[in-house]
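# Coordinate analysis (summary)
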Amino acid sequence: MAAAEQTPRNGDAHDDSSDGEPVHRALGLTDDELDRIRDTLGREPNHLELAMYSVMWSEHCSYKSSRIHLRRFPTEAPWVLVGPGEGAGVVDVGDGIAAALRIESHNHPSAIEPYQGAATGVGGILRDIFSVGARPVAVMDPLRFGPLDDARSRWIAEGVVSGVSGYGNSVGVPNVGGETVFDETYQGNPLVNVLCLGLMPTERLVLGRAEGVGNLAVLLGSSTGRDGIGGVSVLASAGFGDDEADADKRPSVQVGDPFEEKRLIEACLELLDRDLAVGVQDLGGAGITCATAETAAKGGAGMDVDVDAVPRREPHMAPFEVMTSESQERMLAIVEPDKLDDVLAIARRWEVQATVIGTVTDSGRLRIVTAADGGGPEVVADVPAKSLEDEAPLYDRPRSEPADLAVRREDSANSLPAPSDLGADLLDMLCDTSWVWSQYDHMLFLNTVIAPGGDAAVLRLKHPTTGVDTGRGMAMTTDGNHLWCAVDPRLGSTMTICESVMNLAVVGARPVAMVNCMNFGNPEHPEVMWQLSESVDGLSEALVAFGIPCIGGNVSLYNESRGADIDPTPVVGLLGLIEPLERVPPRPRLVEGGALILVGDTVRELSGSRWAASQGHRGRGRLPEVDLDAVSVAAGVTRELVAADLVLGAHDVSGGGLGLAVAEMAVASGVGATIARIADHVDLFSESAGRAVLCVAPDRVRAVLDVLEAHGVAHSRIGEAGGDRIVVKDLLDVGLAEAADVWRNRLPDSIGSGTTQG
Amino acid sequence: MNVAVVAFPGTNCEMDVVEAVRSLGAEAQVVFHDGDHLDGVDAVVIAGGFAHGDYLRPGAIARFSPIMPAVGDFAAEGGPVVGICNGFQVLTEAGLLPGALQKNAGLKFRCETSELRVETTDSALTGEAEVGQVLRIPINHFEGNYTCSPETLAELRAEDRIVLRYVDNPNGSVDDIAGICNAGRNVVGLMPHPERAGHELLGSTDGRVLISSLLSAAGARSAVSA
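Residues numbered from 1 in each chain as written. Chains lettered and ligands numbered in written order. Predicted model: local features only at pLDDT ≥ 70, side-chain atom pairs only at ≥ 80, totals over all residues. Heavy atoms only, no water.

### Describing the overall build of chain A
For clarity, the threshold we go by: Under the DSSP-based scheme used, a helix requires at least four consecutive residues in state H or I and a strand at least two consecutive residues in state E, with every element numbered from the N terminus. Here's how the labels work: a residue is buried when its accessible area is under 20% of the maximum for its type, exposed when over 50%, partly exposed in between, all with a 1.4 Å probe on protein chains only. In what follows, a contact means two residues having at least one pair of non-hydrogen atoms within 4.5 Å.
Within chain A, the regular secondary structure consists of 27 helices and 28 strands. Reported as C-alpha extents along the three principal axes, the dimensions of chain A are approximately 90 × 55 × 45 Å. Buried residues in chain A amount to 64% of all 758 residues. If you take every contact in chain A between residues at least 6 apart in sequence, the share linking residues at least 24 apart comes to 85%.

Here's what the structure looks like:
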């Protein structure tokens, strides 16, 4: 084998690509980044090395524009076992069980090829979860598409939902919730986020570390093909332009095989169960380069990779193609040599391909070796592993608030003319999303107590290997609100956490961990960086107030289409615990004769609301003030009321305000409601934080009010459930049957009206 | 009482069936497809999922697995065999039940709770139920649209072999068929998942009467042969 000092021969980086653009730029590296690579290596990098740096230093893999801000998240709590920076965050949830949580985006691939983009998003997040030793037990999909009246957006929506369904159902992980949002800001650039929860016995927790000189790197799973080459740099780290150019990017999208993934999950978990692997690492963005560099860097080791050993789908693949391919369903296991036979036997049983492709060294360097040129083994790349993983550039990109911010803030939606037909405005907001989630297996593993369609999914907590029911439950919610964040990314982000906390509270759950997916526009726009920075602060302030640690996250930048950035869309996922889980928690339902109580204080402000957006008022005014202490108390008391079984139905109040909350409860249960003491449309549609509607049996009302009063929580009795109409006295009166029809049919009718492939 | 729960690569409901059987006090274990015998088994359940990824056609590859001749022998001896969802598809592909399952009429995957009417109690899965009883049990499939020749349908009707019908047909199945049995009445296939309706917290316990019926059928046969 060649010495480390030798300059590997694999082309000259000065070669121009066919159109005359220097190679490093064609690969997405800047001139400064090239200089940095030269400094690190003390020489010119060759083609292969440049390709490896380009994928590892891509925005998607390195977080080079956002890391400086992400450091401000609160990440510590006594129950946190693994914080941000690993495959998944991990918390101790008691009874010897650890829960792994992770959220990812697959926005750009899904815009180009909706079915495979979404499908491989599911596959990728599952590998993140079982790479730490956890069995994936639930997935959630927060989805955002362009408006329903746009045929291409409908094509994307239908393809994404089919992809999630086709892959997730087959691989055998239930999809228990998420969100489905349609809005003009996502036209051409949908947001396809995916969250996964996994469980493991606490002692099985493993991390992707290559330790022990002489240990073997075993590649498990699919052969490597030309699919997804440069996906992280070509797709995920640039925006979209014209249709033709976008269509050309389609080969950068990977193709998923859920059956391969299912066998890979079972094989990897068996390896870990039997203690046959030192570390396991998923192959996601940047493929073998990322997996080998990360495991080596984190283990403080080096690795020699025999690129010829990598099984391939097609002949004549160059080393750079093999090293940067994002072919799906592959894992890297670090194995002690004397355990190799056992590992190979498990792989055979699960019909999973397993190949030794490398050896752990103490050189600290990632060296790629090939004998393909005929002669003996030759080193064709030789770089410090840490330089790929840890030493990516860190940018504090310029940020500035929008020039017209002060002017925009003075334009409150409260000054819009009062609506002439409040009932019609309310009906316009109703949309049953079951068309989406009824296509997902949401019941597998017999845990799903509250299915999608509620405020939070509720799952039984069973021990992942013994199956013993702990008698406790988990709740999960994902939330994001671009309309709020377009007005004020900081306060909007704070309100998003408040919504999540209330979503957990109404099912009786206490939050224990948060992950986030920061979906923003082009980081080279100072306004976008300002939005990102503000959002991080807004989320952090709320997390600190509620005592919730951030255990992981993902940043998706360059979400832009035809020059316009999307509205800032931080999406958060919260995990909560219900202790004990003795009965099905209340859902957003009304019960005939129940009293309706609004918990929390309504701030009279419509800016940032869905109603304001429906009137064309977006990104202007000021959001309703948030009193985090009051929200915290209101959430805690709501949780207490639910735990005491005093509540028949409950729904958080967020997008669409009190009006939509009550209407959704009514249509979902087939029971009408009569509300009084609502002054006007401002009170009805305000989206101020920290509120919920409770439906309470008449003989429990006194007890509920006593608890609310004892804790000083603002509340009001607003009416009662019953009848076949939704009535807000002096403001609106619509038939329940009509509302239910609108609610139920909006999505299937819209999608059914046809799609246009982009 | 010992139930073998057959799993192929890609099967994913096997542990759910094991849990449902155990919750009724019987023993159950997963039997992987690469074995070629079933020893000391009182009943066989082929669990749902996506055996071999549903590639080619659901059940089309699984029917050739080493375990399938043993399942066929067990059925030929009168042993109770139930195929749930993908298991039903495997049984039709293996020729242990007539007909086939094609794509749902709406061309969408459907996961929801369905209402089923018990049409006969003379089967390995319904002995403890009542004719006309309506059960709330989840479905979870893309290819659950049962079809067969008119002659087969006439035979199934004449011989009282339609075990379960949908109250509100979700997938286009001929004659609203959700489950059928063989002429011996010991092999039953159904698209709905009784194991998913076995706990108060999961919204329905109506699946218990079916699993319990299977255990009784297995017990009765074991008592006779013992």
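Structure shown, so let's carry the discussion forward.
### Some words on the packing of aromatic side chains
Operational definition: Here a pair means two rings of Phe, Tyr or Trp (six-membered ring of Trp) with centres within 6.5 Å. Their orientation is stacked below 30 degrees between planes, edge-to-face above 60, and tilted elsewhere. Criterion for a charge above a ring: Lys NZ or Arg CZ within 6 Å of the ring centre, and within 35 degrees of the ring normal.
Counted according to the given criterion, the structure contains six aromatic pairs over all chains. With a centroid separation of 5.0 Å and 75° between ring planes, the pair formed by Tyr53 of chain A and Trp57 of chain A is classed as edge-to-face. Accessibility assignment for this pair places Tyr53 of chain A and Trp57 of chain A in one class, buried. Sitting over the ring of Phe142 of chain B, Lys103 of chain B keeps its end group 6.0 Å from the ring centre.

### Some points on the pattern of salt bridges
Under the convention used in this document: Any Lys or Arg side-chain nitrogen located within 4 Å of an Asp or Glu carboxyl oxygen qualifies as a salt bridge.
All chains considered together, the criterion is met by 64 salt bridges over all chains. The partner of Arg618 of chain A in a salt bridge is Glu184 of chain A, with the nearest N and O atoms 3.7 Å apart. Within this pair, whereas Arg618 of chain A is found in the loop between α22 (610-614) and α23 (628-643), its partner Glu184 of chain A is found in the loop between β5 (175-182) and β6 (191-201), the two being separated by 434 residues in sequence. Exposure remark for Arg618 of chain A: the relative accessible area of 23% places this residue in the partly exposed category. The exposure class assigned to Glu184 of chain A is exposed, which follows from its relative accessible area of 52%. Across the pair Glu19 of chain B and Lys462 of chain A runs a salt bridge, and its minimum N-O distance is 2.7 Å. You can see Glu19 of chain B sitting in helix α1 (residues 14-23) and its partner Lys462 of chain A sitting in strand β15 (residues 457-462), one on each of two chains. The class of Lys462 of chain A is buried, set by a relative accessible area of 10%.

### Description of the packing of helix α2 (residues 31-41) of chain A against helix α3 (residues 47-56) of chain A
All names here are of chain A. Inclusion rule: A fitted line through C-alpha atoms serves as each axis, taken over the contacting stretch for helices, and the angle formed by two N-to-C directions is quoted from 0 to 180°. Left-handed is the label given to a crossing in which the near helix is rotated counterclockwise from the far helix by less than a right angle, and right-handed is the label when the rotation is clockwise. Each residue is assigned to one of three groups, with Ala, Val, Leu, Ile, Met, Phe, Trp, Tyr, Cys and Pro labelled nonpolar, Asp, Glu, Lys and Arg labelled charged, and all others, Gly among them, labelled polar.
Put simply, α2 and α3 touch, their axes get as near as 11 Å, and they point 120° apart. The two elements α2 and α3 meet at a crossing, and its hand is right-handed. Across the interface between the two elements, Leu34, Ile37, Thr40 and Leu41 from α2 touch Glu49, Leu50 and Tyr53 from α3. Among the residues making up the contact of α2 with α3, the classes are represented as five nonpolar, one polar and one charged.

### Thoughts on the side chain of Arg196 of chain B
The cut-off we apply is this: Two N or O atoms count as a polar contact when they lie within 3.5 Å, although within protein this holds only if one can serve as hydrogen donor and the other as acceptor, and sequence-adjacent residues are included solely when both atoms are side-chain atoms.
Position of Arg196 of chain B relative to the elements: it lies in the loop between β11 (187-190) and α5 (208-225). At a separation of 3.0 Å, a polar atom in the side chain of Arg196 of chain B contacts the side chain of Asp441 of chain A. With residues up to four places along the chain from it excluded, the contact list for Arg196 of chain B reads Asp441, Met443, Leu444 and Leu446 of chain A together with Cys13, Cys111, Pro138, Asn140 and Leu202 of chain B.

### Describing the sheet that holds β6 of chain A
All names here are of chain A. Filter applied, for reference: Here, a strand pair is defined by DSSP locating no fewer than two bridges between the strands.
Taken in spatial order, the six strands make up an open sheet running β1-β2-β3-β6-β4-β5, and their pairing is mixed. In the strand order of this sheet, the two ends are held by β1 (80-82) and β5, each with one partner. Across the sheet, the mean angle from the axis of one strand to that of its neighbour is 20°, orientation sign disregarded. Judged from the seven bridges that link them, strand β4 (residues 135-145) and β6 form a sheet pairing that is antiparallel. For Pro136, the partnering residue across the bridge sits in β6 and is Gly198. Sheet strands touched by helix α8 (residues 151-171): β4, β5 and β6. Its angle to β4, the strand with the most contacts, is close to 180°.

### Let's talk about the confidence of the model for chain A
Rules: pLDDT measures how confident the predictor is about each residue, on a scale from 0 to 100.
Per-chain confidence: chain A averages 93 in pLDDT, with 94% of residues scoring 70 or above. Throughout residues 1-6 of chain A the model reports pLDDT below 50, and contacts reaching past four residues in sequence, or to other chains, amount to eleven contacts.

### Quick word on the interface of chain B and chain A
Rules: Here the quantity called buried area is the total loss of accessible area, with a 1.4 Å probe, experienced by two parts when brought into contact, counted for both.
With 28 residues of chain B at the contact, the number on the chain A side is 34 residues. A buried area of about 2,500 Å², summed over both sides, lies between chain B and chain A, and 60% of it is on carbon and sulfur atoms. Put simply, chain B and chain A have four salt bridges between them. Its salt-bridge partner being Asp441 of chain A, residue Arg196 of chain B comes within 3.0 Å of it at the nearest N-O pair. Elements with a contribution of two residues or more to the side of chain B that touches chain A: α1, β6 (110-118) and β7 (134-141) of chain B. Here the side of chain B that touches chain A takes four residues from β6 of chain B, the largest share from any one element. Looking at the side of chain B that touches chain A residue by residue, the classes come out as ten nonpolar, nine polar and nine charged.

### Some words on the nonpolar core
Quick note on the threshold: Joining through side-chain atoms within 4.5 Å is the link that ties buried Ala, Val, Leu, Ile, Met, Phe, Trp, Tyr and Cys residues into a set, and such a set is a nonpolar core.
The biggest cluster of nonpolar side chains holds 97 residues, and the ones touching the most others in it are Leu197 and Met476 of chain A together with Leu38 and Val44 of chain B. Looking at this core element by element, the count peaks at six residues for α5 of chain B. Ile497, Cys550, Val599 and Leu708 of chain A belong to the second-largest nonpolar core, a separate cluster that totals 66 residues.

### Details of the sheet that holds strand β4 (residues 81-84) of chain B
Strand pairs in the sheet, formed through backbone hydrogen bonds, run parallel or antiparallel to each other. Residues and elements named next belong to chain B. Spatial ordering of the open sheet is given by β2-β1-β3-β4-β11-β10-β9-β6-β7, a layout of nine strands whose pairing is mixed. Because the sheet does not close on itself, it has two edges, and the strands there are β2 (27-32) and β7. Strand-to-strand twist in this sheet, taken as the mean axis angle between neighbours without regard to direction, amounts to 25°. As judged from the four bridges shared by β4 and β11, these two strands associate in the parallel manner. Bridge assignment links Ile84 to a residue of β11, and that residue is Leu190.

### Here's the deal with helix α21 (residues 526-546) of chain A
Residue and element names in this part refer to chain A. Here is the rule: For a helix, the expected span equals 1.5 Å multiplied by the residue count minus one.
A rise of 1.5 Å per residue sets the reference length of α21, with its 21 residues, at 30 Å; its end C-alpha atoms lie 30 Å apart and thus fit the reference within 8%. The element α21 is largely enclosed, with a buried count of 16 among its 21 residues. Just beyond α21, the residue with positive phi is Gly547, at close to 70°.

### Quick look at the side chain of Ser327 of chain A
All names here are of chain A. Its place among the elements puts Ser327 in the loop between α13 (319-324) and β10 (330-335). A distance of 2.8 Å separates the side chain of Ser327 from the backbone nitrogen of Gly225, its partner in a polar contact. Excluding residues within four positions of it along the chain, Ser327 makes contact with Ser223, Thr224, Gly225, Asp227 and Arg313.

### Notes on the confidence of the model for chain B
Averaged over every residue, the pLDDT of chain B is 97; residues scoring 70 or more account for 99%. The complex model carries a pTM of 0.94, and its ipTM stands at 0.97.

### What to know about unusual backbone geometry
Geometrically, the link from Glu579 of chain A to Pro580 of chain A is a cis peptide bond, its omega value of -5° lying close to zero. Checked against the element boundaries, Pro580 of chain A lands in the loop between β21 (569-578) and β22 (595-599). One non-glycine residue with positive phi stands out, namely Asp95 of chain A, at about 55°. Within the secondary structure, Asp95 of chain A is located in the loop between β2 (89-92) and β3 (97-105). Residue Asp95 of chain A is classed as partly exposed on the basis of its relative accessible area, which comes to 48%. At Arg185 of chain B, a residue that is not glycine, the phi angle is positive and equals roughly 70°. Relative to the helices and strands, Arg185 of chain B is located in the loop between β10 (177-181) and β11. The exposure class of Arg185 of chain B is buried, given its relative accessible area of 14%.

### Brief notes about the packing of helix α20 (residues 489-505) of chain A against α23 of chain A
Residue and element names in this part refer to chain A. Operational definition: Under this scheme an angle from 65 to 115 degrees is roughly perpendicular, one under 35 degrees roughly parallel, and one over 145 degrees roughly antiparallel; angles in between are oblique.
The contact between α20 and α23 brings their axes to 8 Å, and the two run at 15°. Of the possible angle classes, the one that applies to α20 and α23 is roughly parallel. Regarding α20 and α23, the two cross each other, and that crossing is right-handed. Contacts from Thr494, Cys498, Val501, Met502 and Ala505 in α20 reach Leu628, Val631, Ala634, Ala635, Thr638, Arg639 and Val642 in α23.

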